[in-house]
Amino acid sequence: MKLGRLLLLLFLIGPFVLEAEATISKNIKNLDREFWATIGHDAALQIGKTFGFLHDPSEKQEFSNGITVMKVRESELHQIGHLMHDKFHRCGGFIGHETLAEALEWANNEGERFHAKSMNFADYSINQGESVRALLTELSAPNIASTIQKLSSFKNRYYKSQTGQDSQKLVKETWETLVQGRTDAKVEFFRHSGWPQPSVVLTLTGSETPEEIIVLGGHGDSISGYFGDRSSNHAPGADDNASGIATLTEIVRVLMTSSYRPKHTIKFMAYAAEEVGLWGSKEIAQQAKRENQNIIGVMQLDMTNYKGSADLDIVLMSDYTNTEQNAFMGRLIDEYVKVPWGQDRCGYACSDHASWHGQGFPASMPFEARMNEMNRRIHTPQDTIELSRGNAQHALHFAKLGVAFAVELDN
Ligand code: BES
Ligand code: ZN
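Quick summary incoming for the structure in this document. This structure is a prediction, so every number in the text was calculated from the model and none was measured. (Residues numbered from 1 in each chain as written. Chains lettered and ligands numbered in written order. Predicted model: local features only at pLDDT ≥ 70, side-chain atom pairs only at ≥ 80, totals over all residues. Heavy atoms only, no water.)

Okay, the environment of S258 next. Position of S258 relative to the elements: it lies in the loop between α9 (238-257) and β8 (264-271). Residue classification places S258 among the partly exposed positions, given a relative accessible area of 36%. Spatially, the C-alpha atoms of S258 and A363 are 27 Å apart, while their sequence positions differ by 105 residues. (Helix = DSSP H or I, 4+ residues; strand = E, 2+ residues; numbered from the N terminus. Buried < 20%, exposed > 50% of the residue type's maximum accessible area, 1.4 Å probe, protein only.)

Right, let's get into the state of the cysteines. Among covalent bonds in proteins, the disulfide is the one between the sulfur atoms of two cysteines. As enumerated under the stated definition, the model contains one disulfide in all. Between the sulfur of C346 and that of C350 lies a disulfide, 2.2 Å long from S to S. Negative torsions about the S-S bond denote left-handed disulfides, and the value of about 70° found for C346 with C350 makes this one right-handed. A single burial state applies to C346 and to C350, both of which are buried. (Disulfide = S-S within 2.5 Å.)

In this section: the coordination of the zinc ion (ligand 2). Ideal geometry at a metal gives 109.5 degrees between four tetrahedral donors and either 90 or 180 degrees between six octahedral ones. Of the protein atoms, only D240 (OD), E275 (OE), E275 (OE) and H379 (NE2) coordinate the zinc ion (ligand 2), at distances of 2.0 to 2.4 Å. For the zinc ion (ligand 2), the six donor atoms are set out with angles of 56 to 157° between them, so the coordination reads as irregular. The class of E275 is buried, set by a relative accessible area of 16%. Under the relative-accessibility criterion, H379 is labelled partly exposed at 22%. (Donors = N, O, S within 2.8 Å, 3.2 Å for Na, K, Ca; no water. Tetrahedral: all angles 85-135°; square planar, octahedral: opposite > 155°, others 65-115°.)

This paragraph deals with the sheet that holds strand β6 (residues 199-204). Pairing between the strands of a sheet comes from backbone hydrogen bonds, and it takes one of two forms, parallel or antiparallel. On the basis of which strands lie adjacent, the open sheet formed by six strands has the order β5-β6-β8-β7-β9-β12 and mixed pairing. The open sheet has two edge strands, β5 (185-190) and β12 (363-364), and neither has a second partner. Note: β6 against β8, five bridges, orientation antiparallel. Following the sheet pairing, L202 is matched in β8 by F268. (Pairing = 2+ DSSP bridges.)

So, on to unusual backbone geometry. Between D240 and N241 the backbone carries a cis peptide bond, its omega angle lying at 5°. Along the chain, the position of N241 falls in helix α9. Phi at S259 takes a positive value of approximately 55°, unusual for a residue other than glycine. Note on placement: S259 falls in the loop between α9 and β8. For L278, which is not a glycine, the phi torsion comes out positive at approximately 60°. Tracing the backbone through its elements, the reader meets L278 in the loop between β8 and α10 (279-290). Of the residues examined, L278 reaches a relative accessible area of 11% and is grouped as buried.

Okay, structure coming up:
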C-alpha cells in the first residue's frame, strides 16, 4: 500500500480505531460496536451491493437531501473506508453518530449544509467549446448597461413599495419579450404571501431531461437607508443588484437569439425581498426542497459591475457554496472568460445563494471584487452606474461565465 493511501485510510478510520481501542480496554466484549452513519445515498447503495451490509431495513433511512442514515458495525469500517476512497474519491465520506436521534438531527440540519457544500451534483466536464465561444461573441456590454439604467431609474425597488412591484413587472415583461415565440419557455411571477413584491421566474423546459434543473438568479429588489419603512427612499441599486439582473437578461437574450434549446431545464430568477433577509429566494428554495426538485446547479449573480480589485475580475465566494461547483466555475473562467480570478468569503449568508445552500442545493456566487474592496456605495442613493464609468464592461465577464455555466452544465 502506498503511503498516501495508508495515511488516508488512517485519516478515515483513525477516530474510530482510537475509540475502538478505548472501548476494548473498557469492555472487550463490546468491540463490534454499532453506531449510526450519515452517508450519501450513492455510497450507501454501493456498500449494500459490495459487502451486503444491509442489516434490517428498519436500520436504514433515506432522506430527500441525498443522505442515508444507516446502522454500521465497527468491524465493517475498514472495508467501507476503502470503498469510499476507491470508488467515490471521498475523504471521510461519512460521519459516525452514537445514537439514531443524533444521526437524524444531523441528516436534517447540518447535513443539509454539508451536502450542499461537499457533494458532487453534476458532470463538470467542459466539452462545448465551439458552441459556447459562438455564444460569447454575441454578448453585449451596452445591452447590460442599458438594462442597468432602466432598473436603476426606479426611485427604489423596495420589497414593500409600488415601484418595487413595478420594477419586477418590467423584468417579467423584458424576459417575456426575449422568449416570444418559444413554446418551451414561460415567464411567471412567484407570489409571496408575506409582502407585495413578487419574484420573477423564467423557465426554459429541457428537451431531454427536464427534471434536472439549472438555476441562474439574482435579486430584483433594492434598498437604501437603515431604519424603518424605506418605501420612499431613493435606492437606484445600479450595482446592487440591477447589475445582476441585467447580466441575467443578457444571458437570456443571447441564448434565445441563437435558438439554444436546453436538454435540462434552465430557470432564470429575479428574487424578491433579498435586502431584508433573503426572503424571496428562501421561499423558492424551500418549495424546491419540499417538492424534491432535482436542482443540479445554482449560480447567484449579485453585484457584477464594480471593479473593486485591481488584480482580480471575478471572486468566487467559498462560503455557503458548493466546493466542486466552485472549482468548475474556476475552470470555466480560465477556459472562456480568461480573466484573473480568486476566492474570498462573505463570512455570513450575504445573498440568495445561501438560501439554496441552506436547503441542500449546490450554489456558487461569483462576485465583482474581494470583500474588503467591494463597492462601498451600495444601499445608498449613490449606487449608480457612474461608479462603473457608465458602462458594463465588468459585468460582461459575468455574462460570459453565466453562458458558459448554463451550456456546459446542460451538456
Ligand atoms: N449584494 C449584497 C450582498 C453582498 C455585499 C455580498 C457585499 C458581498 C459583498 C446583498 O444584497 C446584501 O446587502 N445582503 C445583506 C444581507 C442580507 C441577508 C439582508 C448584507 O450584506 O447586509
Ligand atoms: Zn444589498
